[in-house]
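# Residue-level structure breakdown
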Amino acid sequence: MKKLLLIAPLLALLLTGCPSTPIKEAPVEDRQGSQAVTTVVAGDQKVTGLPLDLTDPKSTLYKRVVYFDLDKYDIKDEYKDLVAAHAKFLVSHRDFKMLIQGHTDERGSREYNLSLGQKRAEAVKRNLILLGAKEDQVEAVSFGKEKPAAEGHDEAAWAQNRRAQMLYKGVTGSGEF
Amino acid sequence: MPIGLIIDTMKKLIPALALFSLLAGGSAHAQLTIEIAGTGANRIPIAVPDFGGDPANARALLGVLRSDLETSGQFKLVTSEAPMTESSTVDYSGFKDKGADAVVAGSLATSAQGRLEARYRLYDVNKRVALSGAAYLTAPTHLRAAAHRIADDVHEKLTGEKGVFSTRIAYVTKSNGRYQLQIADADGQNAQAALVSREPIMSPTWSPDGGRIAYVSFENKKPIIYIHSLASGQRHTLANFKGSNSAPAWSPDGRRLAIVLTKDGRSQIYLINADGSGLQRLSSSSGIDTEPRFSPDGGHIYFTSDRGGSPQIYRMSASGGDAQRISFEGSYNVTPRPSPDGKSLAFISRRDGHFQLAVMDIANRQIQVLTDSRKDESPTFAPNGRMILIATEIGGRGVLSSVSIDGKIKQRLSIGSGDVREPTWGPYAH
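## So, the overall build of chain A
Scanning chain A for helices and strands turns up five helices and six strands. Along its sequence from the N terminus, chain A presents helices and strands in the succession α-β-β-α-β-α-β-α-β-α-β. Within the span of chain A, comprising 177 residues, buried residues form 47% of the whole. With an accessible surface of roughly 9300 Å², chain A has 58% of that area assigned to carbon and sulfur atoms.

Here is the structure:
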């Protein structure tokens, strides 16, 4: 520090005919302190036991996806039977819960798409409630465009991404969410 | 040739001629490419001769300093062979002959405790005076930070605007099925992961004091908002109501956030204290209300709504109530982001199916479209309001691009492998 104080006046003398510009001293913020970043690793969830009705590929209830047309948020006729089957399961298994995840294709704002995907999930939920499922058995959420099923950038891929997915969980907490 | 044709031709030539890439030594292997669109951008010619002191350290510091100045698009480096220090006599006539308007000269010394001292002076060649000078004490591993501080000072003294070289950015990467929220210097260097997850991360946004980030995480199979302290890694759940929780936006005093919940039906905007208490509904419409952002004075909230049939930008008081429509051109205007001085609004506009960055002058409602890309998203202003960082897609990959508010300078920042998205620019260092 003493060295610095000595130097400053000397420099002042070297500047040609104008008031000296003193050298300000400043410590640079310590990267280890306020600018440090600690890494957090989010937990991974394991899928655990669900009844065969839901997990057997030959069972109707194995099918969990409802697809939607562009800019559409109502359930097409071709999926009405599938949704009805799931409603029937929820009615006869009050100890089971469902999470419906709505999705959109990749075009547009992420947050606005989150809201649009929500409309698809809500459409499925509304249908299930109408057919007898209880409000607290079903939760509708959205993934927007964050988790495409198909990664392409054409209508074929987009059609596969406009969907609502149904996940199950038993009351003991075992399940897909 | 008509002027228009000359400019168009030069626009095509200049990117090819001016493109250069700087390979990083940092952990995230970021690559910064600069592309200066248009002719005659008024860049200040500046000489930065080699510094005195330990050659390796000097080279490291000068690499960052020169890169900061050049990639800002506001300076043109003038080559200068003879090394100088901050105590050398300045050959003003010589620099003037070389075409320089300013000179930065300095040196590096080791202090008693093994720290480095970076000293410099900034000179005005025409006025023949020193404009500024400082000595920065730093650990050898933090030389970059000292270089950024020098660049900030040079930028401010010569352009009148504060530099943002010492600021940080955050963004989300997606690679091999893993998502990360990364924090990096404004030049993309020194990236560190704040969060690693197998599920998506979305909508990160810095607290006004720069110590925390609010974001949406899908790690529990649904969107939940967290507030995450960067230094400690401590985080708490801000909102996990039934349905989707998303779009956090800090109030300028950092005490509350506007958020979007679907717990009462469609996406609507609410206000909540940073500790998760005091939920209050702000918007009520029959459509989707989302993407809230406070005006810098905290008095208003800009947001996206499709209450009128198509997604457009609206503004309401920060205490809720009636909203005024702000955007009227076209059928898709979203993601409103007010500038730090509150006078402009960056947003994304869809034209002919392409999503492009646009800026509106709020007073006269004039709009300028700044890009001609196809998939721009998530504009975020630098704290000095001069540059806007966006996510976009080039060659099928998600990359970050920064655009000056007048559209003249475009920079591309690609980070590692995989996709990058959701950038958010942090505040000035506290």
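Anyway, onward from the coordinates.
## Things to note about the nonpolar core
Counting 27 residues, the largest nonpolar core has Phe51(B), Leu61(B), Leu65(B) and Val104(B) as its most contacted members. Of all elements in the fold, only strand E3 (44–47), helix H2 (55–71), strand E6 (102–110), strand E7 (116–124), strand E8 (129–138) and helix H4 (143–159) of chain B reach the threshold of two or more residues within this core. Not counting the four nearest positions on each side in its chain, Val104(B) is found in contact with Ile46(B), Ala47(B), Val48(B), Pro49(B), Phe51(B), Leu65(B), Tyr120(B), Arg121(B), Leu122(B), Ile150(B) and Val154(B). Counting residues in hydrophobic clusters, the runner-up holds 25 residues, among them Leu50(A), Leu82(A), Leu128(A) and Met166(A).

## Some details on the interface of chain B and chain A
Interface size is commonly expressed as the accessible area that is lost once the parts come together. Contacts between the two partners involve 78 residues from chain B and, on the opposite side, 64 residues from chain A. Buried surface at the junction of chain B and chain A, both sides included, amounts to about 5800 Å², of which 52% is carbon and sulfur. Three residues, Arg121(B), Lys221(B) and Lys242(B), lead the burial of chain B against chain A; their summed loss comes to 11% of the area buried on that side. Where chain B meets chain A, there are eight salt bridges. Linking chain B with chain A are 27 residue pairs in polar contact (both at pLDDT 80 or more), by the criterion used here. When residues of the side of chain B that touches chain A are assigned to their parent elements, the largest contribution, 10 residues, is made by E8(B). Along the lines of polarity and charge, the residues of the side of chain B that touches chain A split into 34 nonpolar, 21 polar and 23 charged.

## Focus on unusual backbone geometry
For Asp71(A), which is not glycine, the phi torsion reads 60° and is therefore positive. When you line up the elements, Asp71(A) lands in the loop between strand E3 (65–67) and helix H3 (80–92). Its identity as a non-glycine residue notwithstanding, Arg365(B) has a phi of 60°, on the positive side. Tracing the backbone shows Arg365(B) in the loop between strand E26 (354–361) and strand E27 (367–369).

## Points about H3(A)
Residue and element names in this part refer to chain A. Relative to the 18 Å expected for 13 residues at 1.5 Å per residue, H3 spans 19 Å between its end C-alpha atoms, a close match to the ideal helical length. If you check which residues of H3 are buried, you get Leu82, Val83, His86, Ala87, Phe89 and Leu90. Across the axial projection of H3, the buried residues extend over an arc of 160°, all falling on one side. More than 90 degrees from the buried face of H3, the exposed residues found are Asp81, Lys88 and Ser92. Tucked into the core, H3 has its buried residues touching helix H2 (52–55), E3, strand E4 (96–103), helix H4 (110–130), strand E5 (138–144) and strand E6 (163–170).

## Brief notes about the pairing of E8(B)
Residue and element names in this part refer to chain B. A large share of E8 lies buried, amounting to eight of its 10 residues. In terms of strand pairing, E7 meets E8 through nine bridges, oriented antiparallel. Following the sheet pairing, leucine 116 is matched in E8 by threonine 138. Connecting E7 to the next strand, E8, in antiparallel fashion are four residues, including arginine 128 with a positive phi near 60°.

## Description of the confidence of the model for chain B
Residue-level pLDDT values for chain B average 90, and 90% of them are 70 or greater. Considering only residues more than four positions removed or in separate chains, one finds that residues 1–29 of chain B, a stretch of pLDDT under 50, has 33 contacts.

## Let's talk about the environment of Val171(A)
Residue and element names in this part refer to chain A. Along the chain, the position of valine 171 falls in the segment after E6. Judged by its relative accessible area of 63%, valine 171 falls in the exposed class. Considered as a pair, valine 171 and histidine 93 are 78 residues apart in the sequence and their alpha carbons are 9.9 Å apart.

## A few points about the packing of H2(B) against H4(B)
All names here are of chain B. The geometry of H2 relative to H4 is characterised by a closest axis approach of 8 Å and an angle of 40° between their N-to-C directions. The angle between H2 and H4 falls in the class oblique. Handedness of the crossing formed by H2 with H4: right-handed. Where H2 approaches H4, its residues Asn57, Ala60, Leu61, Val64, Leu65, Asp68 and Leu69 are matched on the opposing element by Leu143, Arg144, Ala146, Ala147, His148, Ile150, Ala151 and Val154. Residues of the contact of H2 with H4, tallied by class, amount to 11 nonpolar, two polar and two charged.

## Focus: the packing of H3(A) against H4(A)
Residues and elements named next belong to chain A. With their axes 9 Å apart at the nearest point, H3 and H4 run at an angle of 55° to one another. Between H3 and H4, the angle is such that the two are oblique. In this structure, H3 meets H4 at a crossing whose hand is right-handed. Counted together, Val83, His86, Ala87 and Leu90 of H3 and Val124, Asn127 and Leu128 of H4 form the full contact between these two elements. For the contact of H3 with H4, the class distribution of residues is five nonpolar, two polar and no charged.

What counts, and where the lines are drawn
- Residues numbered from 1 in each chain as written.
- Chains lettered and ligands numbered in written order.
- Predicted model: local features only at pLDDT ≥ 70, side-chain atom pairs only at ≥ 80, totals over all residues.
- Heavy atoms only, no water.
- Helix = DSSP H or I, 4+ residues; strand = E, 2+ residues; numbered from the N terminus.
- Buried < 20%, exposed > 50% of the residue type's maximum accessible area, 1.4 Å probe, protein only.
- Areas by Shrake-Rupley, 256 points an atom, 1.4 Å probe, with all protein chains shown as cover.
- Core = buried A, V, L, I, M, F, W, Y, C linked by side-chain atoms within 4.5 Å.
- Contact = heavy atoms within 4.5 Å.
- Buried area = accessible area lost by both parts, 1.4 Å probe.
- Salt bridge = Lys/Arg side-chain N within 4 Å of Asp/Glu carboxyl O.
- Polar contact = N/O pair within 3.5 Å; in protein donor to acceptor, adjacent residues only side chain to side chain.
- Nonpolar A, V, L, I, M, F, W, Y, C, P; charged D, E, K, R; others polar.
- Expected span 1.5 Å × (residues − 1).
- Arc of directions from axis to C-beta.
- Pairing = 2+ DSSP bridges.
- pLDDT = per-residue confidence, 0-100.
- Axes fitted to C-alpha atoms, helices over the stretch in contact; angles between N-to-C directions.
- Parallel < 35°, antiparallel > 145°, perpendicular 65-115°, else oblique.
- Left-handed = near helix turned anticlockwise from the far one by under 90°.

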